[in-house]
Amino acid sequence: MEPMDIVGKTKEDASLPKATMTKIIKEMLPPDVRVARDAQDLLIECCVEFINLISSESNEVCNREEKRTIAPEHVLKALEVLGFGEYIEEVYAAYEQHRLETMDSIKGGKWTNGAEMTEEEALAEQQRMFAEARARMNGGATIPKQADPEPHLDS
């Protein structure tokens, strides 16, 4: 029985975006190399199968540790168990880079972790966002100026 049969999905249900995969394949090769469509499809199938294999083994590692959530450590252990130990260092470095980029984009972007805001700041941000949404709904009417978050005590 195939791993995909266990979870009740067919191979058609589990795939990777062809355009993204084609872009990745082309970026990895010299510019003068062309890849036949059949070869691209085969590479995509291999990637899906690899993900299924790693996911399944990660789940086994997780279950052996009596955990309910697969953690990055489980994936790294699965790589080792399956004989891909030589990739662990590179995979871990990619994971750390992803974590740093994700944290930077969350902190530096429009969305921030609620724990980093005071309740008053969160309420002010919520009101500002409501005002922006209302303005868009009303055909671009002007957004009222945001109130000063720091009340002055000299009144």
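Cut-offs used in this document
All chains use their own residue numbering, which begins from 1 and follows the written sequence. It should be noted that, the model being predicted, local features are given only for residues of pLDDT at least 70 and side-chain atom pairs only at 80 or more, the latter also being counted only at that level, while totals for whole chains, interfaces and linings use all residues. In computing side-chain values, all of the structure's heavy atoms are included and hydrogens and water are not. UniProt positions are given in the numbering used here, feature names are shortened, and annotations may be inferred rather than shown by experiment. Each helix corresponds to a stretch of at least 4 residues labelled H or I by DSSP, and each strand to a stretch of at least 2 residues labelled E; elements are numbered beginning at the N terminus. Should any heavy atoms of two residues lie within 4.5 Å, those residues are counted as being in contact. Method for areas: the Shrake-Rupley scheme with a 1.4 Å probe, in which residue coverage is limited to the protein chains shown. The patch calculation keeps residues exceeding 30% relative accessible area without a salt bridge and links them within 9 Å when they carry like charges or within 5 Å when they are nonpolar (Val, Leu, Ile, Met, Phe, Trp, Tyr). Put simply, a salt bridge is a Lys or Arg side-chain nitrogen that is within 4 Å of an Asp or Glu carboxyl oxygen. To estimate how far a helix should reach, multiply one less than its number of residues by 1.5 Å. When accessible area is computed with a 1.4 Å probe and restricted to protein chains, residues below 20% of their type maximum are described as buried, those above 50% as exposed, and intermediate ones as partly exposed. Think of it as the arc spanned by the lines of direction from the helix axis to the C-beta atoms. Any pair of Phe, Tyr and Trp rings, taking the six-membered ring for Trp, is counted once the centres come within 6.5 Å. Such a pair is stacked with planes under 30 degrees apart, edge-to-face with planes over 60 apart, and tilted for the rest.

Per an unreviewed UniProt entry, the chain goes by the name Transcription factor CBF/NF-Y/archaeal histone domain-containing protein and belongs to Nyssa sinensis. Quoted verbatim from the Subcellular location (unreviewed entry) field of the UniProt record, the comment on the chain reads "Nucleus".

Section: the overall build of the chain
Helix and strand counts for the chain stand at six helices and zero strands. Across the chain, every contact between residues at least 6 apart in sequence was considered, and the portion connecting residues at least 24 apart equals 29%. When the accessible surface of the chain is split by element, carbon and sulfur atoms take 56% of a total near 12800 Å².

Side note on a nonpolar patch on the surface
A surface patch of nonpolar side chains, about 360 Å² in accessible area, is lined by I24, M28, L29 and V33. Tracing the sequence through the fold places V33 in the loop between α2 (18–28) and α3 (37–64).

A closer look at helix α6 (residues 119–137)
Each turn of an α-helix holds 3.6 residues, which means side chains three or four residues apart point in the same direction. Helix length check: α6 (19 residues) gives 27 Å between terminal C-alpha atoms against 27 Å at 1.5 Å per residue, within 8%. For α6, the complete set of buried residues consists of E125, A131, E132 and A135. One side of α6 holds all its buried residues, which, seen down the axis, span an arc of 120°. Those residues of α6 that are exposed and angled more than 90 degrees off the buried face are E119 and M137.

A closer look at the packing of aromatic side chains
Applying the stated criterion to the full structure yields three aromatic pairs. Here F84 and Y87 contribute two aromatic rings whose centre-to-centre distance is 6.3 Å and whose plane-to-plane angle is 45°, an arrangement assigned as tilted. Residue class for F84 comes out partly exposed when judged on its relative accessible area of 23%. Taking 6.0 Å as the distance between ring centres and 50° as the angle between the ring planes, the aromatic pair formed by Y92 and Y95 counts as tilted. With Y92 and Y95 both in helix α5 (residues 88–108) and three residues apart, the pair spans about one turn of that helix.

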